[in-house]
Amino acid sequence: QKATVEVLDHLEHLALVDFRDAEGVERLQKAIQFADQLHEVNTDGVEPMDSVLEDRCLYLREDDVTEGNCTNELLKNAREKVEEYFVAPPGNIPLPKLEERETFLQGS
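Predicted, not measured: the structure shown is a model, and the values here were computed from it. (Residues numbered from 1 in each chain as written. Predicted model: local features only at pLDDT ≥ 70, side-chain atom pairs only at ≥ 80, totals over all residues. Heavy atoms only, no water.)

Q: In this structure, what is going on with the pattern of salt bridges? I would like to understand it.
A: Where charged atoms from two side chains of opposite charge come close, those side chains can pair. Summed over the entire model, instances satisfying the criterion amount to 2 salt bridges. Here E26 ties to K30 by a salt bridge, and the two come within 3.4 Å at their closest N and O atoms. Here the residue E26 and the residue K30 both occupy positions in helix α2 (residues 22-36), the gap between them amounting to 4 residues, near one helical turn. Accessibility expressed as a relative area gives 43% for E26, which makes it partly exposed. D63 is paired through a salt bridge with R61; the nearest N and O atoms lie 3.9 Å apart. Classification of R61 as exposed rests on a relative accessible area of 67%. (Salt bridge = Lys/Arg side-chain N within 4 Å of Asp/Glu carboxyl O. Helix = DSSP H or I, 4+ residues; strand = E, 2+ residues; numbered from the N terminus. Buried < 20%, exposed > 50% of the residue type's maximum accessible area, 1.4 Å probe, protein only.)

Laid out in structure tokens, this is it:
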């Protein structure tokens, strides 16, 4: 099953991932083929579950702080920071229009 332009558009907006190049489209198509194998599993009569542990009692542990006061040490790992905050990549980047992506799908 090939990924259509509409499917790519929907997935890009959900995940904020850009499938602009042929490699990205090919990787997505392989993922879809892998996931399609789930359709072969017979689930007739199987009730949906909220969790694989739904039949067990889950006990909460005490939340005891054993470490702390390590802000400076953690911020050393930051590629970019402002004051005492990590700088993350911008979200909600406008993605290209559907027409621009059609050329990549035609070649795959």
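Q: Whenever I open this one, helix α1 (residues 5-15) confuses me. Can you help?
A: Turn by turn, an α-helix covers 3.6 residues, leaving residues three or four places apart pointing in a common direction. When α1 is considered as a whole, its buried residues turn out to be V5, L8, D9 and E12. Along the axis of α1, the buried residues cluster in a sector spanning 100 degrees; they form a single face. Looking at α1, the residues exposed on the side facing more than 90 degrees away from the buried face are E6 and L14. (Arc of directions from axis to C-beta.)

Q: In this structure, what is going on with unusual backbone geometry? I would like to understand it.
A: Only a minority of non-glycine residues have a phi that is not negative, and only a minority of peptide bonds are not trans. Not every positive phi belongs to a glycine, and N69 is a case in point at roughly 55 degrees. Along the chain, the position of N69 falls in the loop between α2 and α3 (71-75). A residue is classified by how much of its surface remains accessible, and N69, at 82% relative accessible area, is exposed. A positive phi angle is found at E83, which is not glycine, with a value near 55 degrees. Turning to its location among the elements, E83 is positioned in the loop between β1 (81-82) and β2 (85-86).

Q: It is not clear to me how α2 should be interpreted in this structure. Could you clarify?
A: Taking 1.5 Å of rise per residue, 15 residues should cover 21 Å, and α2 covers 21 Å from first to last C-alpha, within 8% of that figure. Among the residues making up α2, those that are buried are G24, V25, L28 and Q29. Projected onto a plane normal to the axis of α2, the buried residues spread over an arc of 135 degrees and lie on a single side. Opposite the buried face of α2, at more than 90 degrees from it, the exposed residues are E23, R27, K30 and F34. (Expected span 1.5 Å × (residues − 1).)

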